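Remarks on the overall topology
Spelled out, the chains give:
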Amino acid sequence: MKPAFFQSAIIKYSILILVVGYAVFTQFYKLGELAIIQWDESRLAVNAAEMHQSGKLLVTTYENEPDLFNTKPPLMIWLQALSIGCFGVNEFAIRFPAALAGIITILLVGWMVYGAVRNIYTACLAMVILTTCDGFIQLHGSITGDFDALLACFIVAGMHCANQFFIKRKRIFLIGFITMVALSLLTKSAAAILFFPVYYVVFFQQLRFAGLKWVSIALMIAIVPLIVFYVLRENAAPGYLSAIWENEFGGRFLKEKDGHEGAWHYYIVHLFTLRFSWWIWLLPVAMLYGFIKKVKLLNQYSLVILVFIAGISAAQTKLEWYDLPVFPFIAILLALFIDYLVNHHSSILIKISTAIVVSICMVQSIYVKFNFTYARKDMRLGFDIYEMSNYIKKWDSKDALYYHNGNYDAWLYFYTLSKQNIQRCNFKTIKTGHHIVIENNTEDSFRHHYHYIVKDSFTHVKTIQISSIK
């Protein structure tokens, strides 16, 4: 029996507003502050900026040529190009679709938990767990312009539709499930397909063999838009199909790619040491409890987590952020487990112990995430790499600023598309009077070719003005 204070509707909705406000603050505060991040985000940013400028929606481009490096379907690029149309060519526009997907996912998690137990406090707890998760509102999560937060949003929405179909047996929810799966495939095809075994397990668990029929039909329909896109894309720019096989399917699943390898327990270790928060230590307890007590909801979400982690662990290429779609389900499972402990046990000791553990985890995780959001503390980023891009981002002089960077430079090239006075250069195009931002480790090459004046100097980069050519 809860105290009357906590039964008050005003208190319930005040706490709900507080939690949602905290999630929104954590998700959107300083969203556009960081310069474009080096690898995936920068590639998507260039794809989206060029799509916005050209108006060509089918074939994503890099340097105005068909992009066969980033071969993901274009849904995220379309959303980013639309965002650019609203906010301009800048970091906020590139990140807004992922951030919006992040906050929608957090709200969906709360809604799914509330639908299961009809308890606003448990729903708020689930939202806090996901919001404070180290790997969700994080780089290559929902605060950078990457695919994974949008993928997670569609997967969670699809699972919600599936659950409603199990309960109400209305085909509108099956249609919703098909739509969400189709959108997840158009976001990140191979990663979305890795969730297919989860759907089979959950449908079988709920509907037995009849579920296998329904899920097979649903997934076959959902994959049609992806196949149509593949055919159109290949016809528009041949070579695409062979590129997606190498980049996304056989190339990444069957063999390690670009040095991204790890042992079978890679994702399990990362969950407990890097990717979540103190909440994660309750996960094995929740799974074991659900199995022993035969709690259907706990077992369902335990299966979702275990099957998906097994799937991504089987792939030879392993990257830290591949586990992101499972975080919402961990948050749901933990919140439901805590709710079950509190409401299905009369033992005062269990209730007090649960309250203490939840309080400690909540205070610690909120504090850490607030520090990350407000002060950018413990951000997993090699700031030496971004000193040059930060300098370019903040360049507000009317003079042209050139940068010299070899090989791959998407995170710098983006600024040539967003700022008219930012330009690439090489030793053949440099002229007297040019302002050039260079990395310190390339200064010897410039000293060999030019006389120059140092205008600004920092830890890893400096800006020079060419006074004469040797």
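We now turn to the structure provided with this report.

Rules used in this analysis
Residues numbered from 1 in each chain as written. Predicted model: local features only at pLDDT ≥ 70, side-chain atom pairs only at ≥ 80, totals over all residues. Heavy atoms only, no water. Phe/Tyr/Trp six-rings, centres within 6.5 Å; stacked < 30°, edge-to-face > 60°. Buried < 20%, exposed > 50% of the residue type's maximum accessible area, 1.4 Å probe, protein only. Helix = DSSP H or I, 4+ residues; strand = E, 2+ residues; numbered from the N terminus. Pairing = 2+ DSSP bridges. Axes fitted to C-alpha atoms, helices over the stretch in contact; angles between N-to-C directions. Polar contact = N/O pair within 3.5 Å; in protein donor to acceptor, adjacent residues only side chain to side chain. Contact = heavy atoms within 4.5 Å. Salt bridge = Lys/Arg side-chain N within 4 Å of Asp/Glu carboxyl O. Arc of directions from axis to C-beta.

1. Notes on the packing of aromatic side chains
The tally for this structure, following the rule as stated, stands at 40 aromatic pairs. The interplanar angle of 80° and the centroid separation of 5.2 Å between the aromatic rings of Phe 204 and Phe 209 together place this pair among those described as edge-to-face. Overall, the relative accessible area of 26% leaves Phe 204 in the partly exposed class. Judged by its relative accessible area of 63%, Phe 209 falls in the exposed class. Each ring, one from Tyr 289 and one from Phe 337, has its centre 5.4 Å from the other, and the planes form 65°; the classification is edge-to-face. Taken as a pair, Tyr 289 in helix H16 (residues 283–293) and Phe 337 in helix H18 (residues 327–343) lie far apart in primary sequence, 48 residues in all.

2. Digging into the pairing of strand S7 (residues 461–469)
Here 5 bridges tie strand S5 (residues 435–439) to S7, and the two strands are oriented antiparallel to one another. Its bridge partner being in S7, Ile 438 is matched across the sheet by Lys 462. Inspection of the sheet shows strand S6 (residues 450–457) paired to S7 by 7 bridges, in the antiparallel sense. Along S7, the bridge assignment pairs Tyr 452 with Ile 466.

3. Description of the sheet that holds S6
The 5 strands are arranged S4-S3-S5-S7-S6 in an open sheet whose pairing can be described as mixed. Edge positions in the sheet fall to strand S4 (422–424) and S6, since each of these pairs with one other strand and no more. Within the sheet, the average angular offset between the axes of one strand and its neighbour, ignoring direction, is 35°. Pairing geometry for strand S3 (residues 401–403) and S4, over 3 bridges, is parallel. When the bridges of S4 are listed, Tyr 403 appears paired with Arg 424.

4. Looking at the side chain of Asp 409
Relative to the assigned elements, Asp 409 resides in the loop between S3 and helix H21 (410–418). At 2.6 Å, the side chain of Asp 409 forms a polar contact with the side chain of Tyr 403. In this structure, Asp 409 is in contact with Tyr 62, Tyr 403 and Arg 424, ignoring residues within four places of it in sequence.

5. Observations regarding the pattern of salt bridges
Across all of its chains, the model carries 12 salt bridges by this definition. The partner of Asp 409 in a salt bridge is Arg 424, with the nearest N and O atoms 2.8 Å apart. Here the residue Asp 409 occupies a position in the loop between S3 and H21, and Arg 424 occupies one in strand S4, the gap between them amounting to 15 residues. Among the residues examined, Arg 424 registers a relative accessible area of 33% and is labelled partly exposed.

6. Some points on H16
Buried residues of H16: Leu 283, Ala 286, Met 287, Tyr 289 and Gly 290, and no others. Summarising the axial view, the buried residues of H16 lie within an arc of 165°, below the 170-degree limit, and thus occupy one face. For H16, exposure combined with an orientation more than 90 degrees from the buried face picks out Leu 288, Phe 291 and Ile 292. Buried residues belonging to H16 abut helix H17 (296–314) and H18. Looking one or two places after H16, you find Lys 294, whose phi comes out positive at around 55°.

7. Structural notes on the environment of Gly 145
Residue position: Gly 145 is located in the loop between helix H6 (120–132) and helix H7 (148–168). Judged by its relative accessible area of 0%, Gly 145 is buried. For the pair Gly 145 and Pro 97, spaced 48 residues apart in the sequence, the C-alpha separation amounts to 7.4 Å. In this structure Gly 145 touches Glu 41, Leu 44, Gln 80, Ile 94 and Arg 95, once residues within four positions along its chain are discounted.

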